[in-house]
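Close look at the chain arrangement
Listed here are the chains, written in short residue letters.
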Amino acid sequence: MDLNLIHSPDSYIRRCILATLSYLSQHESISAAVLELKSFAQLVALHKREYGIPPSKRLLNDSYGGYVSPPAGLEVIGRDRRQMHRQVEARKHAKAMMAYQVKVLLIGSGDSGKSTLLKKMRLWHIYESESFSAQEIESYRQHVFGDLTRGLQCLLDAFPDMDLQLPPVYTYVYPEDDPQHRGGYVKGWAPGEGIGLDEDSKGVKPDKLSTDVELIKSTPDLCDGEPFPLKYLGPLQRLWGEEVLRFAWARRNETGLQEDLQYFFSDLPRLFDPAYVPTSEDILHTRERTTGIMEMTIKLLEHEILLIDVSGQRSERRKWTHCFQDVTSILFFVNLSWYDQCLFEDRNVNRMQDAMTIWDSICNSPWLKQTSIILVLTEYDIFQEKIKRSEIRTFFPVRIFLSVPLDFDGEPENAVQGRDYFKKRFRRLARKAGPKDREICVHTTNTGDTEPLVVLSAVGE
Ligand SMILES: Nc1nc2c(ncn2[C@@H]2O[C@H](COP(=O)(O)OP(=O)(O)OP(=O)(O)O)[C@@H](O)[C@H]2O)c(=O)[nH]1
Ligand SMILES: [Mg+2]
């Protein structure tokens, strides 16, 4: 077959050849396509006789693949013809999309708040993002229960490292008129419905603490539609209120524990109501580690923004580089409250230092020289509270070089100065590691605000 026939004045011949090439390019195996396309078999045979081989797939894809329709009357089997049309349309659509799609990659260590940004967009339906389905809300309800029991379990597991021991009995024996702590009675429920009220109406028995710990350690996951089992309410309340656990919680920075646990423990009766449905705030506070790569598309003016959320756990960071190709912007997340915390995976490493190391390698990456990088500082609300009881200087001691303080020399309880100090540190690292002219935008955010979304509007411009 002479490919010059494509320029033949005879339009039927032209279309036959184009359609053949186009159709063949859709198939993995050219010989299978030939069998299906009986009326084209002769054309292909002709091509083979002329050139000794079938038309190369590369030539087919590069020159004609998918962009011509088969001429009317050709013997294309119905199902294949429809499939071919779908592929042609999909390719055209993909090509058009590429022209205005912006790819934004969300990176940062685990717990830095990457997925929380996506949750915010979906909860408030920002930029036409899809809201949560009933099934997803149900799965968050189950997560809340898991966060409570697993969080408490993690705190108990950290006792040996903190040189702490559980007392044999509760320090405080809850009186009879405090049924909520004693057994699980919650406002609006009939007294006695909660577990334990009948068994120990004189107060919590001395051996209850170890029984409660055992119960928490063997908690199964909730099933769909199953309310939070009442028998856990009393133990969770009592254990959380126990002196030694309060003390351990105050030292949580040594264990890499999730800060948001307090949010749920301060509102237990509401969560144990059988009619409980997670609120937007509850959904934002749940902790669900991302596995693999999550994608979400939003629309902003004439742009389509593809947000890619990857896991920040140490073992998962290798996968980040797979996403670097064609990235327009990177949102790098750092949790401000990390300055006094250790890594969950390695208790000898300061979390903020770990974030700085990753930041340094991202700014230094040869694949990202042309990519804009935006630093998002999260958990400013927790940082503002924490700085009152935990000094930055304890973890970032002041070093002076040529009379210039290298580390934090601001007022101990001044959150703005503290935040600006970390901004400066990250900016300095970026200048040292990456292109000198790269401008780093920095945004600070809390759980409830929409500031990082402003970041995205900058991306889309
Ligand atoms: N108080 C407060 N909590 C926040 C904020 N941002 C995130 N969190 C909480 O931090 C926890 C972890 O957030 P995620 O968004 O799941 O963390 P991630 O970066 O996606 O973590 P990986 O998926 O493990 O990489 C959640 O419980 C959030 O509620 C914030 O600004 N303030
Ligand atoms: Mg995540």
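- The name recorded for the protein chain in an unreviewed UniProt entry is Heterotrimeric G protein alpha subunit 4, from Mycena pura.

1. Focus on the site of ligand 1
- Neighbouring residues of ligand 1: 27 residues in total, closest Gly 110, Gly 113, Ser 115, Thr 290 and Gly 312.
- Looking at the shell around ligand 1, the elements with two or more residues in it are α6 (114–123), α14 (280–285) and α16 (380–386).
- Sort the elements by how many residues they give to the shell around ligand 1 and α6 lands first, with three residues.
- Partitioning the shell around ligand 1 into residue classes produces three nonpolar, 16 polar and eight charged.

2. Points about the sheet that holds strand β5 (residues 372–378)
- Strand order in this open sheet of six strands is β2-β3-β1-β4-β5-β8, and the pairing throughout is mixed. Looking at which strands have only one partner, the edges of the open sheet turn out to be β2 (293–300) and β8 (441–444). The sheet shows a mean angle of 20 degrees between the axes of neighbouring strands, taken without regard to direction.
- The pairing of strand β1 (residues 101–107) with strand β3 (residues 303–310) spans six bridges and is parallel. Bridge pairing links Gln 101 to Glu 304 in β3.
- Those strands touched by α6 are β1, β2, β3 and β4 (329–335), and its axis lies near 140 degrees from that of β3.
- Helix-sheet contacts for helix α15 (residues 351–364) involve β1, β4 and β5, and the interaxial angle to β4 is about 165 degrees.

3. Description of the environment of Trp 367
- Within the secondary structure, Trp 367 sits in the loop between α15 and β5.
- According to the C-beta neighbour criterion, Trp 367 is exposed, with 11 such atoms within 10 Å.
- Separated by 40 residues in the primary sequence, Trp 367 and Val 327 have C-alpha atoms spaced 9.5 Å apart.

4. Description of α15
- If you check α15, its first and last C-alpha atoms are 20 Å apart, about what 14 residues at 1.5 Å a residue would give, namely 20 Å.
- Residues Arg 351, Met 352, Ala 355, Trp 359, Ile 362 and Cys 363 constitute the buried set of α15. Looking down the long axis of α15, one finds its buried residues gathered within 105 degrees of arc, a one-sided arrangement.

5. Description of the packing of helix α9 (residues 208–217) against helix α10 (residues 233–241)
- Contact geometry of α9 with α10 gives a least axis separation of 10 Å together with a crossing angle of 115 degrees. As judged from the angle between their axes, α9 and α10 are roughly perpendicular. Once α9 is placed against α10, the crossing between them reads as left-handed. Residues Asp 212, Leu 215 and Ile 216 of α9 form the contact with α10, whose own contacting residues are Pro 235, Arg 238 and Leu 239.
- For the contact of α9 with α10, a count of residues per class yields four nonpolar, no polar and two charged.

Thresholds, definitions, all that
Residues numbered from 1 in each chain as written. Chains lettered and ligands numbered in written order. Predicted model: local features only at pLDDT ≥ 70, side-chain atom pairs only at ≥ 80, totals over all residues. Near = placed C-beta within 6 Å. Helix = DSSP H or I, 4+ residues; strand = E, 2+ residues; numbered from the N terminus. Nonpolar A, V, L, I, M, F, W, Y, C, P; charged D, E, K, R; others polar. Pairing = 2+ DSSP bridges. Axes fitted to C-alpha atoms, helices over the stretch in contact; angles between N-to-C directions. Contact = placed C-beta atoms within 7 Å. Buried ≥ 20, exposed ≤ 12 C-beta atoms within 10 Å, placed from the backbone. Expected span 1.5 Å × (residues − 1). Arc of directions from axis to C-beta. Parallel < 35°, antiparallel > 145°, perpendicular 65-115°, else oblique. Left-handed = near helix turned anticlockwise from the far one by under 90°.

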